[in-house]
Amino acid sequence: MRPINVTLDSVTWEYAKEKTNFSAWVRDQLRSERNKRETSIRRIDVECVMSCGRMRLDGWMFCRTCLPEGVGEEE
């Protein structure tokens, strides 16, 4: 592990004192932020751009429901 110094104001100092292991708590918070970011990035890559929550069709930015009319139809 590598040490890092953090400066706290009087309010955050009081919160920090309440933690049994402040360093472990900070590490957990940082990991949580990283995991949220990674999950968000993965979702953007696979979910429909219309924010409907459905998965994209292979090779498209839309799901089957949101695919614009006429797009992807074979001629």
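Here goes a summary of the coordinates provided. (Residues numbered from 1 in each chain as written. Predicted model: local features only at pLDDT ≥ 70, side-chain atom pairs only at ≥ 80, totals over all residues. Heavy atoms only, no water.)

**Section: the overall build of the chain**
Helices and strands together make up the secondary structure of the chain, namely two helices and zero strands. When the accessible area of the chain is evaluated, it comes to approximately 7,100 Å², of which 51% is carbon and sulfur surface. (Helix = DSSP H or I, 4+ residues; strand = E, 2+ residues; numbered from the N terminus. Areas by Shrake-Rupley, 256 points an atom, 1.4 Å probe, with all protein chains shown as cover.)

**Structural notes on the layout of surface pockets**
Picture a little ball the size of a water molecule; that probe, rolled over the atoms, points out where space is still empty. In this structure, the largest pocket occupies an estimated 290 Å³ of space. What lines the largest pocket is simply Met1, Arg2, Pro3, Ile4, Val6, Leu8, Phe22, Ser23, Val26, Arg27 and Leu30. Across the lining of the largest pocket, the residue classes tally to eight nonpolar, one polar and two charged. (1 Å grid on protein atoms, 1.4 Å probe; cavity = no way out; pocket = protein on both sides within 12 Å on 5 of 7 lines; lining within 4 Å. Points joined across faces, edges and corners; volume = space filled by probe spheres on them. Nonpolar A, V, L, I, M, F, W, Y, C, P; charged D, E, K, R; others polar.)

**Comments concerning unusual backbone geometry**
The backbone of Ser51 shows a phi angle near 60°, a positive value even though the residue is not glycine. Within the secondary structure, Ser51 sits in the segment after helix 2 (22-46).

**Observations regarding the pattern of salt bridges**
Tallied over the full model, the rule gives two salt bridges. Across the pair Glu14 and Lys17 runs a salt bridge, and its minimum N-O distance is 3.4 Å. Taken as a pair, Glu14 and Lys17 lie in helix 1 (residues 10-18) at a separation of three residues, close to a single helical turn. A salt bridge links Asp28 to Arg31, with the shortest nitrogen-to-oxygen separation between them at 3.3 Å. One end of the pair, Asp28, and the other, Arg31, are both in helix 2, three residues apart, so they sit about a helical turn from each other. Judged by relative accessible area, Arg31 falls into the partly exposed class, the value being 38%. (Salt bridge = Lys/Arg side-chain N within 4 Å of Asp/Glu carboxyl O. Buried < 20%, exposed > 50% of the residue type's maximum accessible area, 1.4 Å probe, protein only.)

**A word on the state of the cysteines**
This model, assessed by the stated rule, comprises zero disulfides. With no disulfide partner, Cys48 has as its closest neighbouring cysteine sulfur the one in Cys52, 3.9 Å distant. We classify Cys48 as buried; its relative accessible area is 4%. This cysteine, Cys63, is not joined by any disulfide, and Cys66 carries the nearest cysteine sulfur, 3.6 Å off. (Disulfide = S-S within 2.5 Å.)

**Details of a nonpolar patch on the surface**
Together, Ile4, Val6, Leu8 and Trp13 give the surface a local cluster of nonpolar side chains, amounting to about 430 Å² of exposed area. If you trace the backbone, Val6 turns up in the segment before helix 1. (Patch = residues over 30% accessible without salt bridge, like charges linked within 9 Å, V, L, I, M, F, W, Y side chains within 5 Å.)

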